[in-house]
Amino acid sequence: MQPQDELSSSFDTDEDFGWVSYFLTLKGNELFCQVDDEYIQDKFNLTGLVNQVPYYEYALDLICDVENEERHELSDEHQ
């Protein structure tokens, strides 16, 4: 079995292995770490980011896997 096959097999068996965990396993992402959802959802910890991160609300929804029907998709010019 190839290493890539082993990796994809582990994805199939572990339901909790989401996109963040997958992202952290990719080469070049060694300096990133997983942060608890509670920390991300605490507004105090996000103070000042709204002014520094373009499309802040959209980015936060993507990071938290929020399925929001009212969320507007990015226009072609911003993708």
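The model shown is predicted, which means the values in this text are computed figures rather than measured ones.

Okay, the layout of surface pockets next. Roughly 450 Å³ of internal volume is contained in the largest pocket. Residue lining of the largest pocket: 16 residues in total, with Trp19, Val20, Gln34, Ile40 and Ile63 positioned closest to the centre. Residue assignment for the lining of the largest pocket shows that the elements contributing at least two residues are α2 (19-25) and α3 (37-41). Sorting elements by how many residues they give to the lining of the largest pocket places α2 first, with five residues. Here the second largest pocket defines a volume of roughly 160 Å³. Lining of the second largest pocket is provided by Val35, Tyr39, Ile40, Leu46, Leu49, Val53, Tyr56, Ala59, Leu60 and Ile63. Here the residues of the lining of the second largest pocket sort into ten nonpolar, no polar and no charged.

Taken together, Asp36, Asp37, Glu38, Asp65 and Glu67 make up a surface patch of like negative charges. Structurally, Asp65 can be placed in the segment after α5 (56-63).

The subject of this paragraph is the confidence of the model for the protein. On average, the protein scores 76 in pLDDT, and the residues at 70 or more come to 63%. Between the elements of the protein, mean pLDDT differs from a low of 50, seen in helix α1 (residues 3-13), to a high of 94, seen in helix α4 (residues 49-52).

Scoring rules and cut-offs
Residues numbered from 1 in each chain as written. Predicted model: local features only at pLDDT ≥ 70, side-chain atom pairs only at ≥ 80, totals over all residues. Heavy atoms only, no water. 1 Å grid on protein atoms, 1.4 Å probe; cavity = no way out; pocket = protein on both sides within 12 Å on 5 of 7 lines; lining within 4 Å. Points joined across faces, edges and corners; volume = space filled by probe spheres on them. Helix = DSSP H or I, 4+ residues; strand = E, 2+ residues; numbered from the N terminus. Nonpolar A, V, L, I, M, F, W, Y, C, P; charged D, E, K, R; others polar. Patch = residues over 30% accessible without salt bridge, like charges linked within 9 Å, V, L, I, M, F, W, Y side chains within 5 Å. Areas by Shrake-Rupley, 256 points an atom, 1.4 Å probe, with all protein chains shown as cover. Salt bridge = Lys/Arg side-chain N within 4 Å of Asp/Glu carboxyl O. Lys, Arg positive; Asp, Glu negative; His and termini not counted. Charge placed at Lys NZ, Arg CZ, Asp CG, Glu CD. pLDDT = per-residue confidence, 0-100.

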